[in-house]
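# Tertiary structure, described
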Amino acid sequence: SGGTGAALRHYEDTGRQYPLCVKLGTITQSASGMPMAEVYSYDNTEDCMVTDPYIEKHLDHFGLKLEDLEKTEKTLEEQEGALIDR
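Each value, and the rule that gives it
- Per chain, residues are indexed from 1 in the order of the written sequence.
- Where totals are concerned, whole chains, interfaces and linings use all residues; where local detail is concerned, this predicted model gives features only for residues with pLDDT of at least 70, and gives and counts side-chain atom pairs only at 80 or more.
- For side-chain calculations, the full set of non-hydrogen atoms in the structure is used, while hydrogens and water are omitted.
- Whether two strands pair depends on DSSP finding at least two bridges between them.
- Where helices and strands are cited, they refer to DSSP runs of H or I of at least four residues and of E of at least two residues respectively, numbered from the N terminus.
- Side-chain rings of Phe, Tyr and Trp (the six-membered ring for Trp) are treated as a pair once their centres are within 6.5 Å; stacked means planes under 30 degrees apart, edge-to-face means over 60, and tilted covers the remaining angles.
- A carboxyl oxygen of Asp or Glu within 4 Å of a side-chain nitrogen of Lys or Arg is what we treat as a salt bridge.
- Between buried and exposed lies partly exposed: a residue is buried under 20% and exposed over 50% of the maximum accessible area for its type, with that area taken using a 1.4 Å probe on protein chains only.

Quick look at the pairing of strand β1 (residues 20-29) now. Bridge count for β1 against strand β2 (residues 35-41) is 6 bridges, and the pairing is antiparallel. Of the residues in β2, the one forming a bridge with Gln29 is Pro35.

Following the criterion strictly, the structure yields 2 aromatic pairs and no others. An aromatic cluster of three or more residues is present, and its members are Tyr11, Tyr40 and Tyr42.

Further remarks concern the pattern of salt bridges. One side chain can pair with another of opposite charge once the charged atoms of both are near each other. If you walk through the whole model with that rule in mind, you get 4 salt bridges. Of the charged contacts, one joins Lys23 and Glu73 as a salt bridge, the two residues approaching to 3.8 Å between their closest N and O atoms. Residue Lys23 is located in strand β1, and its partner Glu73 is located in the loop between α2 (55-61) and α3 (76-85); the two are separated by 50 residues in the primary sequence. For Lys65, the salt bridge goes to Asp60, with nearest N and O atoms at 2.2 Å. On the basis of relative accessibility, which here comes to 37%, the residue Lys65 falls in the partly exposed class. Judged by its relative accessible area of 40%, Asp60 falls in the partly exposed class.

This is the structure we're talking about:
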């Protein structure tokens, strides 16, 4: 949504090995303390938004700590809600 297609190109350029894409600006903790992020799977069996139950572990792999991240972007759901409210 509004992107440049870089994530899809990366998925294809890496031999379709890594289907998950995280919109970094949406990473946050829920009120219950659970990590949340907008995650999309380019895998042919999914090709949709998914829940990554290991998001914290996956972020840690790249040196990203949940407590150091701040939500800076609207999720697709929030964007859709804003359009409906117009």
